[in-house]
Amino acid sequence: MRQPGSACGGRCADAMIGRMNKPHAVPLTGAQYEIQAGDYRAWVTELGAGLRKLTHQGRALLTDFEPEELPPHSAGQFLAPWPNRIDGGKYQFGGATFQLELSEPARGTAIHGLTRWVNWKPAAHISDEITLTHLLLGRPGYPFCLELSVTYRLDVAEGLQISVTATNVGPHPAPYGNGFHPYLTTGAALIDGCELEIPAAQWLPTDDRGIPTGPPKDVTGSAFDFRTGHAIAGTKLDNALTGLSRDETGRAWARLADDNLEIGLWAGPGYDWLQVFTGDALEPEHRRRALAIEPMTCPPNSFGTGDDLLTLAPADTVTHTWGIAVL
């Protein structure tokens, strides 16, 4: 016997269950957050609080990707609680030795932190600004607890500003650093003909795994001296640069330009390193197509060496800012 009010009995229930169980397509990078100011537009992802796309007058300023694609070669990713690599994933801190998972097994390193592949929650979203937050809980190799927030803000004149705040909400001091991984592009087919200016007086020598082999060296007379802007040509770069010159506001400006477009990337106080990568080791479709200029608070393997590594005491908070603008 049919139940009162039912015209089709169990068949309706079966159909409803089928509709409820139908999978909903979620982009690999999760929710997408768009902001806009004047000629600037940016898209930020739930996955990793990453910068998926940045345009000016409809023209791409960065290597971008689709919502259903993972960031190619770390494009636009936020890197915390360390940028770059840790040799063997092993470090000492506070009298104890810690072993991280080797997230780059081919080179035997732990690379680019712990927050790239996790969900971030929106805390505030208005037309020109989005803030995402993540609570990084303790885990093997990093038994510390950080509350993290990343704010992207667009300004009609100033372009994109990114602010990163970390607070140690755990009971013990925590080692900390951060960085970002944008690939700048003028739209040129290759970066070889672009002019590059980097206000860095020193470069950091590394081995073939990207691990430092000694202290920073003077760039004078080397292939790493871009203090006066000149064409990249065939120069191959995958090194951290430091000794940054700054303007009166404390910003260190890098510049990438061709005949049609000039892009500036600035690093605020505390971002004392710029990793510059011409992409020579990438696949042909990405090789030398864009230039990574990565603001970092510390150099590669800082967890191992302690160089420029921050220690956040319980309740300590630190904020860093950087940005991108068309000049």
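Look a little higher up for the structure.
Source: prediction; values computed, not measured. Here the residue index of a chain counts from 1 through its sequence in written order. Local features in this predicted model are restricted to residues whose pLDDT is 70 or higher, and side-chain atom pairs enter the listing and the counts only when it is 80 or higher, whereas totals over whole chains, interfaces and linings include all residues. No hydrogens and no water enter the side-chain calculation; it runs on all heavy atoms of the structure.

Chemist: So what about a nonpolar patch on the surface? Which residues, and what values?
Modeler: Any residue with relative accessible area above 30% and no salt bridge may belong to a patch, with like charges joined within 9 Å and the nonpolar Val, Leu, Ile, Met, Phe, Trp and Tyr side chains within 5 Å. Note on areas: Shrake-Rupley with a 1.4 Å probe; residue coverage comes only from the protein chains shown. When a carboxyl oxygen of Asp or Glu is within 4 Å of a side-chain nitrogen of Lys or Arg, the pair counts as a salt bridge. A cluster of nonpolar side chains, namely Leu28, Leu70 and Trp117, defines an oily patch on the protein surface of about 320 Å² accessible area. Here leucine 70 shows up in the loop between β4 (59-60) and β5 (77-79). Categorising residues by exposure relies on relative accessible area from a 1.4 Å probe, with only protein chains included: less than 20% of the type maximum marks a residue as buried, more than 50% marks it as exposed, and the intermediate range marks it as partly exposed. With a relative accessible area of 46%, leucine 70 lands in the partly exposed category. Starting at the N terminus, helices and strands are each numbered in turn, a helix being any DSSP run of H or I of at least four residues and a strand any DSSP run of E of at least two.

Chemist: Account for the sheet that holds strand β1 (residues 32-37), naming residues and giving values.
Modeler: Any two strands between which DSSP finds at least two bridges are classified as paired. The sheet built from 4 strands is open, its strands ordered β1-β2-β3-β4 with antiparallel pairing. Each edge of the open sheet carries a strand with a single partner, namely β1 and β4. Sheet analysis places strand β2 (residues 40-45) next to strand β3 (residues 51-56), joined by 5 bridges and oriented antiparallel. Its bridge partner lying in β3, arginine 41 is registered against threonine 55.

Chemist: Describe the sheet that holds strand β13 (residues 159-168), naming the residues involved and giving the relevant values.
Modeler: Read across the sheet, 9 strands follow the order β10-β11-β12-β13-β27-β23-β22-β17-β20 without closing on themselves; strand pairing throughout is antiparallel. Both outer strands of the open sheet, β10 (121-126) and β20 (230-231), are each paired with one neighbouring strand and no more.

Chemist: Could you give me a rundown of the nonpolar core, with the residues and numbers involved?
Modeler: Counting 73 residues, the largest nonpolar core has Tyr142, Val150, Tyr152, Tyr176, Phe180, Ile198 and Ile293 as its most contacted members. When residues in this core are grouped by element, the largest group, 5 residues, is from strand β12 (residues 146-155). Residues in contact with phenylalanine 180, not counting those within four places in the same chain, are Gln77, Phe78, Leu79, Val150, Tyr152, Ile162, Val164, Tyr271, Glu294, Pro295 and Trp322. The nonpolar core is taken to be a set of buried Ala, Val, Leu, Ile, Met, Phe, Trp, Tyr and Cys residues, with the residues joined through side-chain atoms within 4.5 Å. In what follows, a contact means two residues having at least one pair of non-hydrogen atoms within 4.5 Å.

Chemist: Can you explain the side chain of arginine 288? Please cite residues and give values.
Modeler: For arginine 288, the position within the fold is in the loop between β24 (273-277) and β25 (291-296). With residues near it in sequence (within four places) discarded, arginine 288 still touches Ala189, Leu190, Ile191, Asp192, Ile232, Ala233, Gly234, Thr235, Lys236, Thr278, Gly279 and Asp280.

Chemist: Tell me about the pairing of β24, and name the residues and values.
Modeler: Buried residues dominate β24, accounting for 5 of its 5 residues. The side-chain alternation of β24 yields two buried faces, one formed by Trp273, Gln275 and Phe277 and the other by Leu274 and Val276. Pairing between strand β21 (residues 238-244) and β24: 4 bridges, direction antiparallel. The partner of asparagine 239 across the bridge, within β24, is valine 276. Here β24 runs beside β25; their pairing, made up of 5 bridges, is antiparallel.

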